[in-house]
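# Structural overview for review
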Amino acid sequence: NMARKSRAVVETVKAKFRVWRIAIYNRLSKEDGDKVESDSIVNQRAMIRDYVRTRKEFCVVDEYVDDGYSGSNFERPDFKRLYEDLQSGAVNCVIVKDLSRFGRNYLEAGYYLEKIFPFLNIRFIAINDNYDSMDETKKDSLIVPIKNLVNDIYSKDLSRKISGTMRMKEKKGEIWYGVPAYGYWRKPDQPFRMETDEETAPYIRLMFQWTLSGMSYAEIAFRLNQLQAITPTMRLAQRGHYKEESARLHTTWAVTSVKTILHNPVYMGDTIYNRSYQCVRDGTAHAKRPRDQWFVIPKTHEALVSRKDFEKVAQLLDKRNEAQAKKIKNNAEVRATSPDVLSGLFYC
């Protein structure tokens, strides 16, 4: 026991005279954007710089900033860069404003502080929480796991409140996601209402008429290009949503654009919410919801297609999809049972 205590004292003395290569880590999530100024990146940086300036053994190597990223998980670009530098030995001390800036996930934050950082001999300092992993009196204190747990609970509670408010606003039609669908535009005097875009609406009507007459996606795209119809992304660029040099701008119509439009129920005059789901807190990937879980507010804007015609088109497209899936299945079965006698002789 005496030997262990002596080694601990020696290590503590060595640490005091060590030059610490500092990594300053700042984080601000989207939810924190409307908070007081003390939570801003600028003030986090200023507080940590002042703290470092008074200690000669600290040498700042780099600063890592994740602006607009949730603390509920560690999938953040600059945190990943920080972790790489910790593993390589470029830095050996991390300083944050407080534990919530490091992370709000109780389990992951605790794993880094109690397992990974000690294994890599990384010193961790949270200024406002008065925590320093080199301080033996606070190293095993319960205050850190308790604060991490509180931060985790706060994050989940905030997520539930925001989700509940947004669901309520959706049902009232008082919220807007993204930009209006091709064929519509936002009313200047009513931000949650759509008006018909007279320049592009005729193309929507044509597309549904052509589909009912038996045309395929490719044929419709070909005709739209012949008419030199403006594409959805080019129309958005005209409205100031994309820069002219943006790689997302498409000057010609593609099958995917036609398919997206023909499957969009917004053209019946309804506003649809809850069509997809993604939870940043849980790390859930973007996924579509089944139709029976959609929030539908009927007759919120002018319909470009009658409900009857939209349903006809939907049934027609479903039949095409079934026929295509059957064809693919049959082809796969034929290939599996038939030898490829031209293999190695002909190339595409």
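Quick summary incoming for the structure in this document. (Residues numbered from 1 in each chain as written. Predicted model: local features only at pLDDT ≥ 70, side-chain atom pairs only at ≥ 80, totals over all residues. Heavy atoms only, no water.)

### Quick word on a nonpolar patch on the surface
Residues Val341, Leu342, Leu345 and Phe346 make up a contiguous nonpolar surface patch of roughly 470 Å² in combined accessible area. Locating Leu342 in the fold gives a position in the segment after helix H12 (307–337). (Patch = residues over 30% accessible without salt bridge, like charges linked within 9 Å, V, L, I, M, F, W, Y side chains within 5 Å. Areas by Shrake-Rupley, 256 points an atom, 1.4 Å probe, with all protein chains shown as cover. Salt bridge = Lys/Arg side-chain N within 4 Å of Asp/Glu carboxyl O. Helix = DSSP H or I, 4+ residues; strand = E, 2+ residues; numbered from the N terminus.)

### Brief notes about H12
The terminal C-alpha atoms of H12 lie 46 Å apart, and with 31 residues this matches the ideal 45 Å at 1.5 Å per residue to within 8%. Every buried residue of H12 is accounted for by Phe310, Val313 and Leu317. The elements touched by buried residues of H12 are helix H8 (201–212), helix H9 (217–226) and helix H11 (255–262). (Expected span 1.5 Å × (residues − 1). Buried < 20%, exposed > 50% of the residue type's maximum accessible area, 1.4 Å probe, protein only. Contact = heavy atoms within 4.5 Å.)

### Considering unusual backbone geometry
Positive phi is not limited to glycine here, since Asn130 has a value of about 55 degrees. Along the chain, Asn130 falls in the loop between strand E4 (123–126) and strand E5 (131–132). For Gln228, which is not glycine, the phi torsion reads 55 degrees and is therefore positive. The class of Gln228 is exposed, set by a relative accessible area of 71%.

### Describing the side chain of Thr200
Residue placement: Thr200 occurs in the loop between strand E7 (194–196) and H8. Residue Thr200 is classed as buried on the basis of its relative accessible area, which comes to 0%. One polar contact links the side chain of Thr200 to the main-chain amide nitrogen of Gly183, over a distance of 3.3 Å. Here Thr200 is in contact with Tyr182, Gly183, Tyr184, Ile230 and Arg235, once residues within four sequence places are set aside. (Polar contact = N/O pair within 3.5 Å; in protein donor to acceptor, adjacent residues only side chain to side chain.)

### Considerations on the packing of H8 against H12
Axis separation between H8 and H12 bottoms out at 10 Å; the angle between their running directions is 55 degrees. Between H8 and H12, the interaxial angle falls into the category oblique. Handedness of the H8/H12 crossing: left-handed. Contact residues: H8 offers Phe208, Thr211 and Leu212, while H12 offers Asp309, Phe310, Lys312, Val313, Leu316, Leu317 and Arg320. Classifying every residue of the contact of H8 with H12 by side-chain character gives six nonpolar, one polar and three charged. (Axes fitted to C-alpha atoms, helices over the stretch in contact; angles between N-to-C directions. Parallel < 35°, antiparallel > 145°, perpendicular 65-115°, else oblique. Left-handed = near helix turned anticlockwise from the far one by under 90°. Nonpolar A, V, L, I, M, F, W, Y, C, P; charged D, E, K, R; others polar.)

### Thoughts on the packing of aromatic side chains
If you walk through the whole model with that rule in mind, you get 18 aromatic pairs. Each ring, one from Phe74 and one from Phe79, has its centre 4.9 Å from the other, and the planes form 55 degrees; the classification is tilted. The class of Phe79 is buried, set by a relative accessible area of 2%. Between Phe117 and Phe124, the aromatic rings sit 5.9 Å apart at their centres with planes inclined by 40 degrees, giving tilted as the arrangement. (Phe/Tyr/Trp six-rings, centres within 6.5 Å; stacked < 30°, edge-to-face > 60°.)

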